[in-house]
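An overview of the molecular structure
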Amino acid sequence: MQPTCMILLLAQLAPRSDAFNVASSLFRTSAVDQRLYQRTQLFASSSDADKKRVVVIGNGMVGQRFMENLIDLDTEKKCIISTFCEEPRAAYNRVKLTSYFETRDPSALSMTSEFDSEGRTPWYAENNVELLLNDKAVAIDTSSKTVTGASGKVIDYDVAVFATGSYPFVPPIPGKQRQGVFVYRTIEDLEAMLAYVKENNVQSAAVIGGGLLGLEAAKAVADMNVESHIIEFAPILMCRQIDQGGHDALVGKIEDMGLKVHCGARTEAFVGQDGTTDHESTSPVAALRFSNEDWEDLPVQMIVVSAGIKPRDDLARDTDIALGERGGIVVDEQVNMPLLCLLCVHTINLIFSITLQLRTSVPGVYAIGEIALYNNFIYGLIAPGYEMAGVCSKIIAEEELGIDVDMKGTPAFTGADLSTKLKLLGCDVASFGENQPSPDDRDVSSLIWNDPLSGIYRKLIFNKDGTKLRGGILVGDAGDYTTLHALAVKGGELPENPALLLAPPSARGEVEPQELSSDPSSQVCSCNDVTRGQIESTIKELGVDKATLKEVKACSRAGTGCGGCEPDVKMILKQELEKLGGSLSNSLCEHFKYSRPELMALVRTDADPSSVDSFEKILHKHGKGVSMTRSTFPIRFRIMSNLQTSLSCLLLQDGCEICKPAVGSILASIYNGQILDDGREALQDTNDRALANMQRGGTYSVVPRVPGGELTPEQLIRMGEVAKEYGLYSKVTGAQRIDLFGAPKYQLPDIWEKLGEVGLESGHAYGKALRTVKSCVGSTWCRYGVQDSVGFAIRVENRYKGIRSPHKMKSAVSGCVRECAEAQGKDFGMIATENGYNLYVGGNGGVNPVHAQLLATDIDEDTVIKYLDRYIMYYILTADRLERTAPWQAKLPSGKNGGGPIEHLKEVIIEDSLGICDELDRRMQHLVDTYHDEWAEVVKNPKRRAKFKQFVNTEEVQTREEMIEFINQRGQVRPTDWRADGQSYTNWRPEETDVFARSEKSWVTVGKTSDFAPNVGSAILYGDSQLAVFNNAKKGEWYCTQNMCPHKQAFVLSQGIIGDADGISKVACPLHKKQFGLEDGQQLDGDLSIITFQVKVVGDDVMVELPSEVEVNAILGTSGLRVQSSCMDIAGTSLEHEILNGVKNATAAALIL
């Protein structure tokens, strides 16, 4: 008999006797029976219309997921939810905490949507959830059923859910109280570390703990540009997930990145700068001391402790809630129990099953996530926490709120799969199933793949008969994790020879994505337990028009945890949209509905090339060149002097910082014209527009081409002379070139001219083009060399130099199989043999290194060139925007007879299976024949050279030192470090929203219309202040703003690409792509703003409406905004301060009136 039936039976019998009271008293005799009594009371009071209050203690990932689940179930709005959140912002994704460094934007981690200034998101108000922000729950009274916050607020509850999570365990090591000792858990922890690193010039740090969290913390430290030491007590890293072989492979990958690993370390104390090792001194940490014999102190200036977690159960300790011996709130599990019910009328012996799941020992109180102790075990992963949240929400909905959730069976948390697949410090690490069976387990047979050269280790554990995969460990290449995990956890038929599963996909030539299972029940997202079928249902509900990747992730929750399954979600979306008659949008941006390959195909196959030889023509013919936005009409109308012009310009769109460079690259790849001529400079990213790489502080680096790494003494001397004359920081790159850093833009032509006198050309380090062809010395010097690798590298580099491509390309030539030039890690590389060269394609280094694949063997130099011409041009014509050769190649179809994309390339390039080799050859030869040194083209042409003038309205210049402090370092100078966001010299804001609103202004002529290049920005100097004037000739609009980007106080806005978004004209800062509206100055992708000024054109004069120079200098003067290594008063002169106060007072008076 089911529990519900029994309770209803008791309720029916109660009027005839006092059986109900008897049963009630019996049910109160134990914790189990108390819960039965609670269910009885629920049925007895089901007519009560009052809403019940559910209080969620903790607003982390699991608490947030629980609330979302409960709200989905509570369609009749039977409850209201309150949640205590002790942090300054609502729930965010801690799993992706290290990605915070990519944006420094907390909203990028939000579990719901963007945070407002208070740290809230609209989700809570929209769902009637009371969010108690910055309010830690400090007491719970289970008798009166109340929870009290640190703010003093007391909330009554009907149901309380502990989701307090855990806190980092800090071992009782002497010195843990010191300055410079941190834990790794929250955004505030990261910000505190960043501030400490900057303020104390931290060069080296130690991370205590070599588990999952420890390695994440080590990555965070490395991202701060601090030497990172990983300190682990155990003999290996990640001892719960991998074994010694996996450890060796992982350590190799980690140490290749510059991190240091110390296993078997017995930390004795954190030593202070004062030399003490006690528990009292707060002197900043200076070293780690070990008790290991012969281990010396490790000098560090910061320590991050990430040695595990402890459940945050302090709130429950003074209550009658049962706790585990080592912490954690005890929760129950599904049980079968007999119950003898004695009724006065009948004696009934009832044996039944009751689900008591995730309840604590106190009625109405539940625990989920890292606070919940299940079977004496704390789950420290997000996937089990989400599973608990799902089970708990269903139980509370049905049993506490009386909601019929139409459950198929009773929900139960019966433990969780602890398989994991992560990318730690750029290295795949995965474990699944029984990855470490006990030593006495006799039904074990293991296969091991250990490739120390590639840093790949794989161990598959089978049963003795080889008929079942029990588990495994994958390090370095986990491309087939999904397949192996399913075989181990869910079972499945193994190949006749199970050893075929052992080799990594990269060794099998399987670089394309794994084929996804079509089974609707197959799990795609392990974090949120989302199946393929659920994703498919979501896509069908959204429909073709609304089913974007962003919407599918939000609605299904797939891909919103660790993010590792996002490629699979995208693939399913693509497949399902095709079934529905749609397709996954690969549009460049709002201005083009085509992807780059599609747009390239339209342009290169156009019967009338003259109709697609400019951005404007391509936008008109293939893009959205016209648009009417109701909200922008009044703005356009106000700023135009002629109504007809206003209406015609209103309909024009201008492109953006995404499509303009993409189209510019297409034009360069087809026509190869000078990129600064005929308006094409407006299409270029800042680096291409300046023909140099913009660096910190707005200066540029100069990288001359050094074909094959070969230099003459005269060229070396000239580079040294130039560096000395212009004060440039000099460094040899990893690609056999020399970088000269710190050149202002206005000095670039002079520098290029001096370098050109000794034959040095542009190295195109600024462009998406061929960077270098690296070489060893080959047979000309090396005793092992079998071919002239230097001579061939020079030939290859000189052939492909200057050719624009979807992304940068790198190459190398090795003179023998010893591979000193690392050719197999390049986009294309050649390795010499006795008979010629082996040609490899599709490799790259960087964050996700890919091994190149062999295209042809023992071919001569001319054949190498022929195949490379076709390979590179095929890539240029078909790759997506900003797509390197490796991922492009991986997406190509397989060969006719299998063999993967490399076989397809052989068929296309060698066998001409598509019949396009003639076109590929012809197009490549055109690019080679039309090569021009872009630096020399500027030097010899006064009109182009004038584009590098610092200010269009004066010959006066502001030096680099006037804009940012330069400091000495090892005998050279460099710009001072940028400070972390939120600190001084970042996120600049004027003290008033419209600081010049009450200033007396006048129209100031700043130049002739011919001084301002069309569709770009130009800088002008007004007193000590830099302003940016934007001539949007296409729309007939002129704008003027401050030239300083407020994000990092760099004077660079005039160098950004102008365009529009939803009809709003904007500029993208060249440093970090911050978007600012040119009309009102508001940041379109954040909360910063810039000051704007009105512009008008009278005859040929460009005029800007400006306050006096003194007033503008008080706010925007370069001397006051100069970035320095130490803080100073930037209020300006006493006169400027007096004028500024006058402006503020006038504004305040006007507001009062």
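Residues numbered from 1 in each chain as written. Predicted model: local features only at pLDDT ≥ 70, side-chain atom pairs only at ≥ 80, totals over all residues. Heavy atoms only, no water.

The following threshold applies: UniProt positions are given in the numbering used here, feature names are shortened, and annotations may be inferred rather than shown by experiment.
An unreviewed UniProt entry annotates the chain as Rieske domain-containing protein of Cyclotella atomus. Looking at the Pathway (unreviewed entry) heading of the UniProt record, one finds this comment for the chain: "Nitrogen metabolism; nitrate reduction (assimilation)." Check the Sequence similarities (unreviewed entry) section of the UniProt entry for the chain; it says "Belongs to the nitrite and sulfite reductase 4Fe-4S domain family."

1. Regarding the overall build of the chain
What counts, and what does not: The numbering of helices and of strands both runs from the N terminus, where a helix is a DSSP run of H or I of at least 4 residues and a strand a run of E of at least 2. Residue exposure ignores everything except the shown protein chains as possible cover, and the areas themselves are Shrake-Rupley values with a 1.4 Å probe.
Helix and strand content of the chain: 33 helices and 53 strands. When the accessible area of the chain is evaluated, it comes to approximately 50,500 Å², of which 49% is carbon and sulfur surface.

2. Thoughts on the pairing of strand β48 (residues 1057–1061)
In summary, the side chains of a regular strand alternate between the two faces of the sheet. Defined as follows: Remark: exposure states derive from per-residue accessible area (1.4 Å probe, protein chains only) relative to the maximum for the residue type, with buried under 20%, exposed over 50%, and partly exposed in between. What makes two strands pair is DSSP finding at least two bridges between them.
Judged by how many residues are buried, β48 sits mostly within the fold: 5 of 5 residues are covered. The pairing of β48 with strand β49 (residues 1064–1068) spans 5 bridges and is antiparallel. The residue of β49 that forms the bridge with Gly1059 is Lys1066. Linking β48 back to β49 in an antiparallel pair, the connection comprises 2 residues, with Asp1062 at a positive phi of about 55 degrees.

3. Observations regarding the packing of aromatic side chains
For clarity, the cut-off: Aromatic pairs are defined between Phe, Tyr and Trp rings, using the six-membered ring for Trp, whenever the two ring centres lie within 6.5 Å; interplanar angles under 30 degrees are classed as stacked, those over 60 as edge-to-face, and all others as tilted. Only lysine NZ and arginine CZ atoms are considered, and such an atom sits over a ring when it is within 6 Å of the ring centre and within 35 degrees of the ring normal.
Across all of its chains, the model carries 18 aromatic pairs by this definition. Above the ring of Tyr386, the side-chain terminus of Arg65 is found at 4.1 Å from the ring centroid. Taking NZ or CZ as reference, Arg818 lies 4.1 Å from the ring centre of Tyr784, over its face.

4. Some details on the pairing of β49
Burial runs high along β49: 4 of the 5 residues are buried. The pairing of β49 with strand β50 (residues 1075–1077) spans 3 bridges and is classified as antiparallel. Note on β50: the bridge partner recorded for Val1067 is Phe1076. Where β49 hands over to β50, the hairpin turn is made up of 6 residues, of which Lys1073 adopts a positive phi near 60 degrees.

5. As for the side chain of His807
As a reminder of what qualifies: Between two residues, a contact is recorded if the distance between any of their heavy atoms is within 4.5 Å.
Tracing the chain through its elements places His807 in the loop between α23 (789–800) and β36 (809–814). In contact with His807, not counting residues within four places along its chain, are Lys768, Ala769, Tyr875, Leu882, Glu883 and Arg884.

6. Let's talk about the sheet that holds strand β10 (residues 204–208)
Backbone-to-backbone hydrogen bonds join strands into a sheet, with any given pair of strands oriented parallel or antiparallel. The condition is simple: Geometry is summarised by axes, namely lines fitted to C-alpha atoms with helices restricted to the contacting stretch, and by angles between N-to-C directions that run from 0 to 180 degrees.
Across the sheet, 5 strands lie side by side as β9-β16-β10-β11-β12; this open sheet has parallel pairing. Of all the strands in the sheet, just β9 (181–183) and β12 (260–263) have a single pairing partner and so form its edges. Pairs of neighbouring strands in the sheet enclose a mean axial angle of 20 degrees, with direction left out of account. Where β10 and strand β16 (residues 302–305) come together, 4 bridges link them in parallel fashion. Across the sheet, residue Ile208 finds its bridge partner in β16, namely Val305. Contacts from helix α7 (residues 187–200) reach β9 and β16 within the one sheet, and its direction differs from that of β9 by about 155 degrees. This element, helix α8 (residues 212–223), spans β10, β11 (227–232) and β16 of the sheet and lies at about 165 degrees to β11.

7. Comments concerning the sheet that holds strand β44 (residues 1025–1032)
Judged by pairing direction, the sheet is antiparallel, and its 4 strands sit side by side in the order β43-β44-β45-β51 without closing on themselves. Sheet topology places β43 (1017–1022) and β51 (1092–1093) at the edges, where each strand pairs with a single neighbour. Looking at chain direction, β43 and β44 are connected through 6 bridges and run antiparallel. Pairing of Leu1021 across the sheet is with Gln1026, part of β44. In the packing of helix α31 (residues 1109–1116) onto the sheet, the strands contacted are β43, β44, β45 (1037–1042) and β51, and the crossing angle to β44 comes to about 95 degrees.

8. Quick word on the side chain of Asn1043
Note on placement: Asn1043 falls in the loop between β45 and β46 (1044–1045). According to the relative accessible area criterion, Asn1043 is buried, its value standing at 2%. Look past the residues within four positions of Asn1043 in its chain and what remains in contact with it is Ala1019, Gln1026, Leu1027, Ala1028, Ala1050, Phe1051, Val1052, Leu1053 and Ser1054.

9. Examining the pattern of salt bridges
Formally: For this analysis, a salt bridge means a side-chain nitrogen from Lys or Arg found within 4 Å of a carboxyl oxygen belonging to Asp or Glu.
Counting across every chain of the model gives 60 salt bridges. With a shortest N-O distance of 3.2 Å, Glu861 and Arg795 are connected by a salt bridge. A residue pair is termed long-range when its members are at least 10 positions apart, and Glu861 in helix α24 (residues 861–878) and Arg795 in helix α23 qualify at 66 residues. One salt-bridge network, held together by shared partners, links Arg65, Glu68, Asp72 and Arg557.

10. Points about α24
Definition in use: One less than the residue count of a helix, multiplied by 1.5 Å, gives the span that helix is expected to have.
Taking 1.5 Å of rise per residue, 18 residues should cover 26 Å, and α24 covers 26 Å from first to last C-alpha, within 8% of that figure. α24 sits mainly inside the fold: 13 of its 18 residues count as buried.

11. Brief notes about the environment of His1047
Inspection of the secondary structure puts His1047 in the loop between β46 and β47 (1050–1051). On the basis of relative accessible area, His1047 is assigned to the buried category, the value being 6%. Taking the C-alpha atoms as reference points, His1047 and Trp988, separated by 59 residues in sequence, lie 6.4 Å from one another.

12. Notes on the nonpolar core
Applied cut-off: What we call a nonpolar core is a set of buried Ala, Val, Leu, Ile, Met, Phe, Trp, Tyr and Cys residues that are connected through their side-chain atoms within 4.5 Å.
In terms of nonpolar packing, the biggest core is built from 122 residues, with Phe66, Phe162, Leu250, Met302 and Ile368 touching the most fellow members. Ranked by residue count, the leading element in this core is helix α10 (residues 382–400), at 9 residues. Apart from the residues within four sequence positions on either side, Leu250 is in contact with Leu215, Leu237, Met238, Ile242, Cys427, Val429 and Val475. Counting residues in each nonpolar core, the second largest holds 58 residues, with Val612, Phe792, Ile803 and Tyr875 among its members.

13. Points about helix α9 (residues 244–256)
The test is simple: What qualifies as a polar contact is a pair of N or O atoms within 3.5 Å, subject to a donor-acceptor requirement within protein and to the restriction that residues adjacent in sequence count only when both atoms come from side chains.
For α9, with 13 residues, the first-to-last C-alpha span of 18 Å sits near the 18 Å given by 1.5 Å per residue. All buried positions along α9 are accounted for by Gly245, Gly246, His247, Ala249, Leu250, Val251 and Ile254. On its buried side, α9 packs onto α8, β11, β12, β25 (427–433), β27 (456–462) and β28 (469–475). Capping the start of α9, Asp243 holds a side-chain oxygen 3.3 Å from the backbone nitrogen of Gly245, two or three residues further along. Gly258 sits one or two residues past α9 and shows a positive phi near 95 degrees.

14. What about the state of the cysteines?
Stated precisely, the cut-off is as follows: Any two cysteine sulfur atoms within 2.5 Å of one another count as a disulfide.
By the definition in use, this model includes 0 disulfides. Of the cysteine sulfurs around Cys589, a residue in no disulfide, the closest is that of Cys656, at 3.7 Å.

15. Looking at the packing of helix α15 (residues 596–604) against α24
How we decide: For classification purposes, angles smaller than 35 degrees are called roughly parallel, those larger than 145 roughly antiparallel, those between 65 and 115 roughly perpendicular, and all remaining angles oblique.
Contact pair α15 / α24: the axes reach a minimum separation of 7 Å and the direction vectors enclose 105 degrees. Viewed along their axes, α15 and α24 adopt a mutual orientation that is roughly perpendicular. Along the contact surface, α15 presents Arg596, Pro597, Met600 and Arg604, while α24 presents Ile876, Leu877 and Thr878.

16. Quick look at the environment of Tyr874
Inspection of the secondary structure puts Tyr874 in helix α24. Given a relative accessible area of 9%, Tyr874 falls into the buried group. Sequence-wise, Tyr874 and Val908 are 34 residues apart; in three dimensions their C-alpha atoms are separated by 9.0 Å.

17. Side note on the packing of α24 against helix α26 (residues 901–909)
The following threshold applies: By convention the crossing between two helices is left-handed if the near helix lies anticlockwise of the far one by an angle smaller than a right angle, and right-handed if it lies clockwise. Just so you know the grouping, Ala, Val, Leu, Ile, Met, Phe, Trp, Tyr, Cys and Pro go in nonpolar, Asp, Glu, Lys and Arg go in charged, and all remaining residues, Gly too, go in polar.
As a packed pair, α24 and α26 sit with axes 10 Å apart at the nearest point and diverge in direction by 115 degrees. Pair α24 / α26 crosses with right-handed handedness. On α26, the residues touching Tyr867, Arg870, Tyr871 and Tyr874 of α24 are His904, Leu905, Val908 and Ile909. Split into classes, the residues belonging to the contact of α24 with α26 amount to 6 nonpolar, 1 polar and 1 charged.

18. Quick word on unusual backbone geometry
Both trends apply: most residues other than glycine have a negative phi, and most peptide bonds are in trans. One non-glycine residue, Asn128, lies in positive phi territory at about 55 degrees. Following the sequence through the fold, Asn128 ends up in the loop between α6 (122–126) and β3 (129–133). Owing to a relative accessible area of 51%, Asn128 belongs among the exposed residues under this scheme. Of note in the backbone geometry, Asp1062 takes a positive phi value of approximately 55 degrees without being a glycine. Inspection of the secondary structure assignment puts Asp1062 in the loop between β48 and β49. A relative accessible area of 58% places Asp1062 in the exposed class.

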